[in-house]
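What the coordinates show
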Amino acid sequence: QVQLVESGGGLVQAGGSLRLSCAASGRTFSTYVMGWFRHAPGKEREFVAAISRSGGTDYGDSVKGRFTISRDNPKSMVYLQMNSLKPEDTAVYYCAARPLLRSQFADEYDDWGQGTQVTVSS
């Protein structure tokens, strides 16, 4: 099991950027696949990005070319750089962890953070 704490959310104007961080506890962080999901009111939880232990990445279609996921294994950190933000990116963003393989399905992730709010104004 790994404990996750997100930070870096806030209010930003459309076209702006934010960088989310997720701090993980646990000695085996480097063995986990890390993912970012988001949940907006009235919408389904949405896959944003995932990164494997070796750095391979996947992105949701709505964020490709704008968001970048990265990880720093020695620091047990995962990041989500969000550029060219749009009002439709407004949501609570969650960091999640699972073993072995990347996945775009939230129910395949075992551990979740508490979430951080991102609000993009038009």
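So, about the pattern of salt bridges. Taken as a whole and assessed by the stated rule, the structure comprises six salt bridges. Residue Asp 58 is joined to Arg 102 by a salt bridge in which the shortest nitrogen-to-oxygen separation is 2.8 Å. With Asp 58 in strand β6 (residues 57–59) and Arg 102 in the loop between β9 (91–99) and β10 (111–112), this pair connects stretches of sequence that are 44 residues apart. Salt-bridge contacts for Arg 66 lead to Asp 89; the nearest nitrogen and oxygen are separated by 2.8 Å. On the criterion of sequence distance, the pair formed by Arg 66 in the loop between β6 and β7 (67–72) and Asp 89 in the loop between β8 (77–82) and β9 is long-range, its members being 23 residues apart. Note on Asp 89: relative accessible area 1%, which makes it buried.

Next up on the list: the environment of Cys 95. Looking at the element boundaries, Cys 95 is found in strand β9. Residues Cys 95 and Lys 43, spaced 52 residues apart in sequence, show a C-alpha to C-alpha distance of 18 Å.

A separate point is the pairing of strand β3 (residues 18–25). Alignment of strand β1 (residues 3–7) against β3, held across five bridges, turns out to be antiparallel. Paired with Leu 4 across the two strands is Ala 24, which belongs to β3. For β3 and β8, the ladder comprises six bridges, and the chain directions are antiparallel. Bridged to Leu 18 within β8 is Met 82.

A full pass over the atoms with the stated rule returns one disulfide. Paired through a disulfide, Cys 22 and Cys 95 show a sulfur-sulfur distance of 2.1 Å. Judged by the sign of its S-S torsion, about -80°, the cystine formed by Cys 22 and Cys 95 is left-handed. Taken together, the positions of Cys 22 in strand β3 and Cys 95 in strand β9 put the pair 73 residues apart, joining distant regions of the chain. Residue Cys 22 shares its accessibility class with Cys 95, and that shared class is buried.

On to the sheet that holds β1, then. Ordered by their spatial adjacency, four strands build an open sheet running β1-β3-β8-β7, and the pairing between neighbours is antiparallel. Only two strands of the sheet have a single neighbouring strand rather than two, namely β1 and β7. Mean inter-strand twist for the sheet, computed between neighbouring axes without regard to direction, equals 15°. Here β7 pairs with β8 via six bridges, running antiparallel. If you follow Ile 69 over to β8, its bridge partner there is Leu 80.

Before going further, it helps to examine the pairing of strand β4 (residues 32–39). Burial analysis of β4 places seven of its eight residues in the buried class, which makes it a mostly covered element. Here β4 runs beside β9; their pairing, made up of eight bridges, is antiparallel. Pairing of Gly 35 across the sheet is with Ala 96, part of β9. One ladder, built from five bridges, connects β4 with strand β5 (residues 46–51); its direction is antiparallel. Note that in β5 the partner of Arg 38 across the bridge is Glu 46. With antiparallel pairing between neighbouring strands as the criterion, β4 and β5 make up a hairpin whose turn holds six residues, including Gly 42 at a positive phi of roughly 80°.

Thresholds applied
- Residues numbered from 1 in each chain as written.
- Predicted model: local features only at pLDDT ≥ 70, side-chain atom pairs only at ≥ 80, totals over all residues.
- Heavy atoms only, no water.
- Salt bridge = Lys/Arg side-chain N within 4 Å of Asp/Glu carboxyl O.
- Helix = DSSP H or I, 4+ residues; strand = E, 2+ residues; numbered from the N terminus.
- Buried < 20%, exposed > 50% of the residue type's maximum accessible area, 1.4 Å probe, protein only.
- Pairing = 2+ DSSP bridges.
- Disulfide = S-S within 2.5 Å.
- Axes fitted to C-alpha atoms, helices over the stretch in contact; angles between N-to-C directions.

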